[in-house]
Amino acid sequence: MAANIKGITIEINGNTTPLQKELSKVNKSLKDTQRQLKDVDKLLKLDPKNTTLLQQKQELLGKSVKDVEEKLKTEREALKQLQAQDKTDEVTKQMNELERQIIADEQALKSAKDQLKEFGSVGTQQAKVVGEQMQKAGKAMQDVGTNLTTHVTAPIVAAGGAALAAFNEVDKGYDIVIKKTGAAGDAAQEMYDIVDNLATSIPTDFETAGEAVGEVNTRFGLTGDALEELAGQFVKFAKLNDTDVTSSVDSVQKAMEAFNVPAEEASGYLDALNKAAQDSGIGIDTLTSLTVNNSTALQEMGLSLEDSTALMAQLEKSGAPVETVMGGLSKALKKATDEGVPLDEALSDLQSTIADNEDDAEGLAKAYELFGKSGDKVFKAVKDGSLNFEELSGTATDAAGSVSDTFEETLDPIDQWQLTLNELKLAGAELGATIGQVLAPALQAVAGFISDLRAKWEELSPAQQEMIVQIAGIVAVIGPVVAIIG
């Protein structure tokens, strides 16, 4: 809890200074201490008995206690000085704020002392780790003794293989993020967490999740919650439109760049693009390409990115020539602009002139007037409803939520199974990483031996090699027993 202590001054060593300024140093020290504790705890997870890290943690916990005590001392002195002043409304308000801050810091001090007490000493922590390891080992030995005869080789191999496979799959997603962004340290870890969140909330694989996070971060410069939200929407969008995430991000980003649309509006455009593709049956690559190629003319006509994409979808579906229709629309809308007619009203008038005219001949004549020799195609498209100028205005509003709503409709029980499987893969990946750490030294030692063995094998005659292969069939039966002992 942070109380509003602005405006409170305190006299220290004969000098009057703002309380907030006086506390700034200790607050900065507290924040730095907490950051260092977090770093030390992260490293202790990998090496819980490390003496240097444990000593650092003990020192940092003690420093945290001292910092809070110093802060409380200053705050109590400030309260004492306030209490000595006349009790105006402002002074009373400041006292209340400061009392609340003191209560909060007293609780923080208790928590800091509890942590230091619970930590004890470096030796205590090392003994605790050893005890936990012995307890786990004892439990494991008991389980082995109970089940050795019926559950040994196959479960161990299967579990280890599955864990390593899960680790490889999850790690591929992480590797894609790094390759696309070049992130490291905390920035990389934040993206790893987002990949995990996407893979366990959207039925997809870790590689696709990593691709989405990497591409969205690189193309749109987003991080944190904004990155997770848009990356998730691209995963859904790509699956709905049978395309890959990278090409989807590329197409959308180019269209947005052509219309100078900021990154925070990408979600809305994805909805509009998805709806346009659904309504027309035209692929998103074609729609975005047409929109980009005609972006100058479309913007001159006053159409937004969403409305422009909707128009391109209608034109492509109707079969009317895009260039000719664009020329006619530009002509009609320029005339409306000169007359001070709003865009949506001008589009409505154009629709009515062609489609709602009781005399088809007059409507056709108007279509020819605006769209030249392609007037008959435009007239026919407007008449049969495949081209509707009135529907262009307000496209973004009508399309809102298109991606998420459509995606939710596609989900079924097998998708839930995918989410559950991804949760298991995350758990297995942690085990796989541990197995890899344990096996790495042994594999390095064996590598040289295998190299020598290969050279000796090549020196043997074919008859000797055949005999060894036959003997190996017998040895294979003994293999599981040797592995267990190892």
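Provided above is the structure to which this section pertains.
Basis of the calculations
Residues numbered from 1 in each chain as written. Predicted model: local features only at pLDDT ≥ 70, side-chain atom pairs only at ≥ 80, totals over all residues. Heavy atoms only, no water. Helix = DSSP H or I, 4+ residues; strand = E, 2+ residues; numbered from the N terminus. Buried < 20%, exposed > 50% of the residue type's maximum accessible area, 1.4 Å probe, protein only. Contact = heavy atoms within 4.5 Å. Areas by Shrake-Rupley, 256 points an atom, 1.4 Å probe, with all protein chains shown as cover. Axes fitted to C-alpha atoms, helices over the stretch in contact; angles between N-to-C directions. Parallel < 35°, antiparallel > 145°, perpendicular 65-115°, else oblique. Left-handed = near helix turned anticlockwise from the far one by under 90°. Nonpolar A, V, L, I, M, F, W, Y, C, P; charged D, E, K, R; others polar. Salt bridge = Lys/Arg side-chain N within 4 Å of Asp/Glu carboxyl O. Phe/Tyr/Trp six-rings, centres within 6.5 Å; stacked < 30°, edge-to-face > 60°. Core = buried A, V, L, I, M, F, W, Y, C linked by side-chain atoms within 4.5 Å. Polar contact = N/O pair within 3.5 Å; in protein donor to acceptor, adjacent residues only side chain to side chain. Patch = residues over 30% accessible without salt bridge, like charges linked within 9 Å, V, L, I, M, F, W, Y side chains within 5 Å. Lys, Arg positive; Asp, Glu negative; His and termini not counted. Charge placed at Lys NZ, Arg CZ, Asp CG, Glu CD. Expected span 1.5 Å × (residues − 1). Arc of directions from axis to C-beta.

*Asks:* Describe the overall build of the chain, listing the residues and the values that go with them.
*Replies:* In terms of helices and strands, the chain carries 21 helices and 2 strands. For the chain, the residues scored as buried account for 37% of the 486 residues in total. Taking as baseline every contact in the chain between residues at least 6 positions apart, the subset at least 24 positions apart corresponds to 67%. As presented, the chain carries roughly 27900 Å² of accessible surface, and 54% of it is formed by carbon and sulfur atoms.

*Asks:* So what's going on with the packing of helix H7 (residues 206–220) against helix H9 (residues 245–258)? Residues and values would help.
*Replies:* At a minimum axis distance of 9 Å, the contact between H7 and H9 shows a crossing angle of 20°. Taken together, H7 and H9 sit at an angle that is classed as roughly parallel. Between H7 and H9 lies a crossing whose hand is right-handed. Residues Thr208, Glu211, Ala212, Glu215, Val216, Arg219 and Phe220 of H7 form the contact with H9, whose participating residues are Val245, Thr246, Val249, Asp250, Val252, Gln253 and Met256. Partitioned by chemical class, the residues of the contact of H7 with H9 number 7 nonpolar, 3 polar and 4 charged.

*Asks:* Which residues make up the pattern of salt bridges, and what are the values?
*Replies:* Where charged atoms from two side chains of opposite charge come close, those side chains can pair. Enumeration over the complete set of coordinates arrives at 14 salt bridges. Lys113 is the partner of Glu69 in a salt bridge, and the nearest nitrogen-oxygen pair spans 3.8 Å. Placement of Glu69 in helix H2 (residues 51–83) and of Lys113 in helix H3 (residues 89–119) is noted, with a sequence separation of 44 residues between them. Using a relative accessible area of 35% as the deciding quantity, one classes Glu69 as partly exposed. Among the ionic pairs, Arg219 bridges to Glu215, the shortest N-O distance being 3.7 Å. Note that Arg219 and Glu215 are positioned in helix H7 at a spacing of 4 residues, about one turn of the helix. Look at Glu215 and you get buried, because its relative accessible area is 8%.

*Asks:* I'd like a description of the environment of Pro342, backed by residues and values.
*Replies:* Along the chain, Pro342 turns up in the loop between helix H14 (322–338) and helix H15 (343–355). By relative accessible area, which is 41% here, Pro342 ends up partly exposed. It is 9.9 Å that separates the C-alpha atoms of Pro342 and Gly302, two residues lying 40 residues apart in sequence.

*Asks:* Could you give me a rundown of the environment of Lys254, with the residues and numbers involved?
*Replies:* In this structure, Lys254 sits in helix H9. Along the chain, Lys254 and Thr291 lie 37 residues apart, while their C-alpha atoms are 9.7 Å from each other.

*Asks:* Explain the packing of aromatic side chains residue by residue, including any values.
*Replies:* On inspection of all chains with the given rule, the structure shows 3 aromatic pairs. Judged by centre distance (4.3 Å) and plane angle (25°), the rings of Tyr174 and Tyr192 are stacked. You can see Tyr174 sitting in helix H5 (residues 153–181) and its partner Tyr192 sitting in helix H6 (residues 185–199), a full 18 residues away along the chain. Put simply, the rings of Phe220, Phe234 and Phe237 pair up and form one aromatic cluster.

*Asks:* Talk me through the nonpolar core; I want residue IDs and the actual numbers.
*Replies:* Residues Val213, Val216, Phe220, Leu311 and Phe389 are the most contacted members of the largest nonpolar core, which totals 70 residues. For Val216, the residues in contact, after removing those within four places along its chain, are Gly221, Leu222, Leu227, Leu230, Ala231, Phe234 and Val249. Val65, Leu79, Met95 and Leu98 belong to the second largest nonpolar core, which has 17 residues in total.

*Asks:* Could you give me a rundown of the side chain of Glu97, with the residues and numbers involved?
*Replies:* Note on placement: Glu97 falls in helix H3. Polar contacts involving the side chain of Glu97 include one to the side chain of Arg100, which spans 3.3 Å.

*Asks:* Any chance you could break down the packing of helix H8 (residues 224–240) against helix H10 (residues 266–280) for me, citing the residues and the numbers?
*Replies:* Contact geometry for H8 and H10: axes closest at 10 Å, N-to-C directions at 10°. With respect to H10, the axis of H8 lies roughly parallel. Facing H8, whose interface residues are Leu230, Gln233, Phe234, Phe237 and Leu240, H10 presents Ala266, Ser267, Leu270, Asp271, Leu273 and Asn274. Considered class by class, the residues forming the contact of H8 with H10 number 7 nonpolar, 3 polar and 1 charged.

*Asks:* So what about unusual backbone geometry? Which residues, and what values?
*Replies:* If you check the backbone angles, Asp242 has positive phi at about 50° while not being a glycine. Tracing the chain through its elements places Asp242 in the loop between H8 and H9. Judged by relative accessible area, which is 73%, Asp242 ranks as exposed.

*Asks:* Tell me about a negative patch on the surface, and please be specific about residues and values.
*Replies:* On the surface, a cluster of negative charge is contributed by Glu190, Asp193, Asp225 and Glu229. Among the elements of the structure, H6 and H8 are those that each provide at least two residues to the negative patch. By the element assignment, Glu190 lies in helix H6. Assessed through its relative accessible area of 35%, Glu190 is described here as partly exposed.

*Asks:* Go over H2, please, and point to the residues and values.
*Replies:* Over its 33 residues, H2 extends 48 Å from the first C-alpha to the last, a length consistent with the 48 Å expected when each residue adds 1.5 Å. The opening residue of H2, the one whose side-chain oxygen lies 3.1 Å from the backbone nitrogen of Thr52, is Asn50.

*Asks:* Just give me the short version of the environment of Met191, but keep the residues and values in it.
*Replies:* For Met191, the location among the structural elements is in helix H6. With relative accessibility at 5%, the residue Met191 sits in the buried group. Residues Met191 and Asn217, spaced 26 residues apart in sequence, show a C-alpha to C-alpha distance of 9.1 Å. Beyond its immediate sequence surroundings of up to four residues, Met191 is in contact with Val177, Thr181, Ala183, Val213, Asn217 and Leu227.

*Asks:* A description of helix H11 (residues 284–293) should follow, citing residues and the corresponding values.
*Replies:* By the burial criterion, the buried members of H11 are Ile284, Leu287, Thr288, Leu290 and Thr291. The arc that holds every buried residue of H11, seen down its axis, measures 160°, which confines them to one face.

*Asks:* Outline the side chain of Asn241, supporting the account with residue identities and numerical values.
*Replies:* Turning to its location among the elements, Asn241 is positioned in the loop between H8 and H9. A polar contact of 3.1 Å, which involves the side chain of Asn241, links it to the side chain of Asn274. Dropping the residues within four chain positions of it, Asn241 is found in contact with Asn274, Ala277 and Ile284.

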